[in-house]
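Structural features, examined
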Amino acid sequence: MGTYYGGINWFNANTEEFWHFRHDPDDPASISNNRVNVIHRDDDGYIWVGTHHGLNLFNPEKQEFTTFQQYPGEYGHPSDQINAIAHDRKGHLWIGTNDGLFLFDSSFHRVNMLNKKGVSDRIIINCIEEVHDGSIWVGTMNWLYIIRDGKPEYISAQKDRSKYPSNNKIIDIIEYEE
């Protein structure tokens, strides 16, 4: 369980016990921040935690975190505030921040920003969802992006209010299949 300023609370339903994981400035293997925004388990069982101050990979066996925070240059992401995490069927880990959308390359532990002409920086990403056709839907504070074959397009209520959301602020996305 991610908390607003209490870090991570791990609950064992069999024993009804809690373990608490909080930031410790003297422990580099602790979570990067106690304000947890998102928790995501990928298909390989890795647990990714987005906080107000960095992306964390949790190792339950060692009960340690590896933190990926803002780094200058090509190896980092420009915002430590991680709001959304999604893993697609191609094995990509998508990271939504307060400054845009990024792909995390786990083999090199690098974060690569997507083309600024598509999903640009300075866009607050709230949620990410892969839908049935493999496209990635990205909800922001202003509109919905749909990424098909690596090419982003944006959908806004400004286009045609009868066809699109009544409010451009997208908080979460789930695909509805009939």
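Everything discussed here concerns the structure shown above.
Attention here is on the structure that accompanies the text. (Residues numbered from 1 in each chain as written. Predicted model: local features only at pLDDT ≥ 70, side-chain atom pairs only at ≥ 80, totals over all residues. Heavy atoms only, no water.)

**Quick look at the overall build of the protein**
Each helix and strand in the protein was counted, giving zero helices and 14 strands. Starting at the N terminus, the α and β elements of the protein follow one another as β-β-β-β-β-β-β-β-β-β-β-β-β-β. Taking all 178 residues of the protein together, 42% fall into the buried category. Within the protein, residue pairs in contact and separated by at least 24 positions form 41% of the contacts whose partners lie at least 6 positions apart. (Helix = DSSP H or I, 4+ residues; strand = E, 2+ residues; numbered from the N terminus. Buried < 20%, exposed > 50% of the residue type's maximum accessible area, 1.4 Å probe, protein only. Contact = heavy atoms within 4.5 Å.)

**Thoughts on the sheet that holds strand S11 (residues 125-130)**
Read from one edge of the open sheet, four strands run S11-S12-S13-S14, paired in antiparallel fashion. Of all the strands in the sheet, just S11 and strand S14 (151-155) have a single pairing partner and so form its edges. Across this sheet, the average inter-strand angle for adjacent strands is 20 degrees, counted without regard to direction. Direction of pairing for strand S13 (residues 144-148) relative to S14: antiparallel, over a ladder of five bridges. The partner of isoleucine 146 across the bridge, within S14, is glutamate 153. (Pairing = 2+ DSSP bridges. Axes fitted to C-alpha atoms, helices over the stretch in contact; angles between N-to-C directions.)

**Overview of the sheet that holds strand S6 (residues 64-68)**
Sheet strands pair via backbone hydrogen bonds, and the direction of the pair is either parallel or antiparallel. If you trace the four strands from one edge of the open sheet to the other, you get S3-S4-S5-S6, paired in antiparallel fashion. Across the chains shown, the open sheet's two edge strands, defined by having one partner strand only, are strand S3 (36-41) and S6. In this sheet, neighbouring strand axes are inclined to one another by 25 degrees on average, regardless of whether the strands run parallel or antiparallel. One ladder, built from five bridges, connects S3 with strand S4 (residues 47-51); its direction is antiparallel. Each residue of the ladder has a partner; that of valine 36, found in S4, is threonine 51.

**So, the nonpolar core**
With twelve residues, the main nonpolar core is built from Ala84, Ala86, Trp94, Leu101, Leu103, Ile123, Ile125, Ile128, Ile136, Val138, Tyr145 and Ile147. Taken together, the elements giving at least two residues each to this core come down to strand S7 (82-87), strand S9 (100-105), S11, strand S12 (136-140) and S13. (Core = buried A, V, L, I, M, F, W, Y, C linked by side-chain atoms within 4.5 Å.)

**Some words on the side chain of asparagine 126**
Mapping asparagine 126 onto the fold places it in strand S11. Residue class for asparagine 126 comes out buried when judged on its relative accessible area of 19%. Within polar-contact distance, the side chain of asparagine 126 engages the backbone oxygen of isoleucine 170 at 2.9 Å. With near-sequence residues (within four places) excluded, asparagine 126 lies in contact with Asn83, Ala84, Gly139, Thr140, Met141, Ile170 and Ile171. (Polar contact = N/O pair within 3.5 Å; in protein donor to acceptor, adjacent residues only side chain to side chain.)

**Comments concerning the environment of serine 135**
Within the fold, serine 135 resides in the loop between S11 and S12. Serine 135 sits eleven residues away from isoleucine 146 along the chain, and the two C-alpha atoms are 6.7 Å apart. Every residue in contact with serine 135, bar those within four places of it in the chain, is listed here: Glu129, Glu130, Ile146, Ile147 and Arg148. Side-chain polar atoms of serine 135 contact the side chain of tryptophan 137, separated by 3.4 Å.

**Things to note about the packing of aromatic side chains**
In this structure the tally under the stated criterion is seven aromatic pairs. Judged by centre distance (5.4 Å) and plane angle (50 degrees), the rings of tryptophan 10 and phenylalanine 58 are tilted. Of this pair, tryptophan 10 sits in strand S1 (residues 8-12) while phenylalanine 58 is found in strand S5 (residues 54-59), placing the two residues 48 residues apart along the sequence. The class of phenylalanine 58 is buried, set by a relative accessible area of 4%. Each residue in the set Trp10, Phe21, Phe58 and Phe65 is aromatic and connected to the rest through ring pairs, giving one cluster. (Phe/Tyr/Trp six-rings, centres within 6.5 Å; stacked < 30°, edge-to-face > 60°.)

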